[in-house]
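# Structural characterization, general
The primary structure of each chain is shown beneath.
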Amino acid sequence: MEMTPEKIKASSEVLRDIGQVIFASMFIGPLISGSFNYWMISFGAILSILIWYSSVSIIRR
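This one's a predicted model, so the numbers in the text were calculated from it and none came from an experiment. (Residues numbered from 1 in each chain as written. Predicted model: local features only at pLDDT ≥ 70, side-chain atom pairs only at ≥ 80, totals over all residues. Heavy atoms only, no water.)

Applying the stated rule across the entire model yields 2 aromatic pairs. Their ring planes at 45° and their centres at 5.5 Å tell us that F23 and W52 sit as a pair that is tilted. Within this pair, whereas F23 is found in helix α1 (residues 5-33), its partner W52 is found in helix α2 (residues 38-60), the two being separated by 29 residues in sequence. Between the aromatic rings of Y38 and W39, the centroid separation amounts to 5.3 Å while the plane-to-plane angle is 75°, which identifies the pairing as edge-to-face. Taken individually, Y38 and W39 each receive the classification exposed, so the pair is uniform in this respect. (Phe/Tyr/Trp six-rings, centres within 6.5 Å; stacked < 30°, edge-to-face > 60°. Helix = DSSP H or I, 4+ residues; strand = E, 2+ residues; numbered from the N terminus. Buried < 20%, exposed > 50% of the residue type's maximum accessible area, 1.4 Å probe, protein only.)

Rendered as structure tokens:
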């Protein structure tokens, strides 16, 4: 199955949206609510960056 440019763009946008949800729920949420857990916030930030990077990598192909 060949990936068309439209499918590649859609996949990139889905990954970008997933990254935004993870960033909000695991990084911003705990900072705002006051339930500061260093490991959770660090994991959320790293995971968000990796997913956003994957999104950019897909679209550049």
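Between its terminal C-alpha atoms α1 stretches 40 Å, which fits the 42 Å expected from 29 residues at 1.5 Å a residue. Along its length, α1 reaches its greatest deviation from straightness, about 35°, at A24. Of all the residues in α1, the buried ones are I8, S12, G19, I22, M26 and P30. Close packing links the buried residues of α1 with α2. Directly after α1, the chain includes G34, whose backbone phi takes a positive value near 90°. (Expected span 1.5 Å × (residues − 1). Bend = angle between axes of the 7 residues up to and from the residue. Contact = heavy atoms within 4.5 Å.)

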